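Topology and contacts: notes
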Amino acid sequence: MDLFEYQGKQYFARYGIATSPGGVADTVDEAVRQAVKAGFPAVVKAQVQVGGRGKAGGIKLVNDEAEARAAAQSILGLDIKGHVVKRLWVEHASDIKKEYYASFTLDRDAKLHLCMLSAQGGVEIEEVAATDPDAIARLHVNPIDGLDRKDAVDLAKAAKIDDEAVEGVADMLLKLYEVYSKGDADLAEINPLILTPDGRIHALDAKVTLDDAASFRHPEWKEYEGTAELDGRERLAAEKHLNYIGLDGTVGIIANGAGLAMSTLDVVNQVGGSAANFLDLGGGAGADVMSAALEVINTDDRVAAVLVNIFGGITRCDEVAKGIVTALSTVEMRSPIVIRLDGTNADEGRKILSDASFSGVIIESTMIGAAKRAVEIASKGASN
Ligand code: GDP
Ligand code: MN
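Every value quoted in this text rests on a predicted model; they were computed, and no experiment measured them.

Below, the discussion takes up the overall build of the protein chain. When its secondary structure is counted, the protein chain shows 13 helices and 18 strands. In terms of overall dimensions, the protein chain has a C-alpha envelope of 80 × 50 × 40 Å along the principal axes. The proportion of buried residues among the 384 residues of the protein chain is 48%. A sequence separation of at least 24 residues applies to 70% of the contacts in the protein chain between residues at least 6 apart. Summed over all atoms, the accessible surface of the protein chain reaches about 17900 Å², with 51% contributed by carbon and sulfur.

A few words now on the site of ligand 1. Ligand 1 sits among 16 residues. The nearest are K45, R53, I59, S94 and E99. G52 has a polar backbone atom sitting 3.5 Å from an oxygen atom of ligand 1. Between ligand 1 and the protein, one listed contact pairs an oxygen atom with a side-chain N or O atom of E99 at 2.7 Å. Here ligand 1, which alone exposes 570 Å², has 81% of that area covered by the protein.

The residue H83 is located in strand β5 (residues 83–84) in this model. In this structure the C-alpha to C-alpha distance between H83 and E239, which are 156 residues apart in sequence, comes to 23 Å.

As a packed pair, helix α11 (residues 317–330) and helix α12 (residues 346–356) sit with axes 7 Å apart at the nearest point and diverge in direction by 20 degrees. As judged from the angle between their axes, α11 and α12 are roughly parallel. Judged by the twist between their axes, the crossing of α11 over α12 is right-handed. Each of C317, D318, A321, K322, I324 and V325 in α11 lies in contact with α12, whose residues at this interface are A346, E348, G349, I352, L353 and A356. Looking at the contact of α11 with α12 residue by residue, the class counts come to eight nonpolar, one polar and three charged.

Right, let's talk about the environment of V141 for a bit. Tracing the backbone shows V141 in strand β9 (residues 136–141). By relative accessible area, which is 2% here, V141 ends up buried. With 95 residues separating them in the primary sequence, V141 and A46 have C-alpha atoms 33 Å apart. In this structure, V141 is in contact with F104, L112, H113, G146, L147 and Y177, ignoring residues within four places of it in sequence.

Per the domain assignment, the segments making up the protein chain are domain 1 (21–92), domain 2 (98–223) and domain 3 (232–383). A C-alpha centroid distance of 42 Å is found between domain 2 and domain 3.

On to the coordination of the manganese ion (ligand 2). In this structure, N191 (O) and D205 (OD) serve as the protein donors to the manganese ion (ligand 2), at separations of 2.2 Å. In this pair, N191 sits in strand β10 (residues 185–195) while D205 sits in the loop between β11 (201–203) and β12 (207–210), placing the two residues 14 residues apart along the sequence. The exposure class assigned to D205 is buried, which follows from its relative accessible area of 18%.

Criteria and cut-off values
- Residues numbered from 1 in each chain as written.
- Chains lettered and ligands numbered in written order.
- Predicted model: local features only at pLDDT ≥ 70, side-chain atom pairs only at ≥ 80, totals over all residues.
- Heavy atoms only, no water.
- Helix = DSSP H or I, 4+ residues; strand = E, 2+ residues; numbered from the N terminus.
- Buried < 20%, exposed > 50% of the residue type's maximum accessible area, 1.4 Å probe, protein only.
- Contact = heavy atoms within 4.5 Å.
- Areas by Shrake-Rupley, 256 points an atom, 1.4 Å probe, with all protein chains shown as cover.
- Near = heavy atom within 4 Å.
- Polar contact = N/O pair within 3.5 Å; in protein donor to acceptor, adjacent residues only side chain to side chain.
- Axes fitted to C-alpha atoms, helices over the stretch in contact; angles between N-to-C directions.
- Parallel < 35°, antiparallel > 145°, perpendicular 65-115°, else oblique.
- Left-handed = near helix turned anticlockwise from the far one by under 90°.
- Nonpolar A, V, L, I, M, F, W, Y, C, P; charged D, E, K, R; others polar.
- Domains from an automatic or database assignment.
- Donors = N, O, S within 2.8 Å, 3.2 Å for Na, K, Ca; no water.

Set out below in structure tokens:
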């Protein structure tokens, strides 16, 4: 789950990273009030989950109430790379002497955490990586050992952080590592991390992606759920407690088990198709779960064929088939469904489905056969 900047800053505060005083506003009047409260000069910032807000006109420095009003008016409703601004964050403006960059992420290849630090902050890090890769200092952190202060200081020096800022930046890295590790984030980034003229190190922006798999440890994350930027399909899937990820292909996928769902995506690709989603039904694929899955896929107008791929283990195929029959009598599908059942009681399962004789339901016995069929239907659908 990606947090908005203001949520990221609130999350930072839990781990001792101070940010500028400010508040959120959904209206122009509220923005003006927040600016007065934060104190001028203030900065009015678009809350959208996309970088480069500054360049897109989504961030404005204001010196009085009239400027705050004008800035809020121009930013609310602004479209930044397809994200429409509905909320602002208004904070007391900081004086900037230098802009740095700091982040923690997971380096999957190295199987270690990765800290990146640069004295060239303020611009997007991809840009720095492309134009001046040596300007980014990197440090792998073993999760067992954690980050120690000496390594943080050495990294700051390697990144050519100004001498007067080295200690402060090292302190900030230690705190950011807490956000990342104790806070169960997949990404914790500060850009820009600034040095102020009076020598303080301060976070002006916050980008935090929380690791959804750790949500059971964090009851405090509940408050972020309502504001999370999900697409319509993902929101419905979340309501129905389905393990769903939206993609942009044309074959809707339903499988039982995450591994099988991944393989199904691969096989669809292999035969020249593209998946519209990942959807793992989990263990007992009863009628309720199946209906919910079909319903979610049915809302996706990119889908031109659905591929249901079930391997019966403890879950018996006849039970799954009954579930599908019940589900199909409640959900009217917009596109044909190819069903592959294999494993425990597969023959009984297929018989139940063929006896039900739904139109638009095709039964296949192999995974590759089913994938081919679904892709064939989807490509015809797309060319119509
Ligand atoms: P992003 O462009 O979406 O990453 O938004 P940021 O929050 O990083 O802000 C972009 C730029 O706006 C920063 O790099 C700063 O140069 C500027 N900025 C943001 N907040 C302040 C502030 O409090 N004071 C000043 N002087 N500039 C700011
Ligand atoms: Mn930024």
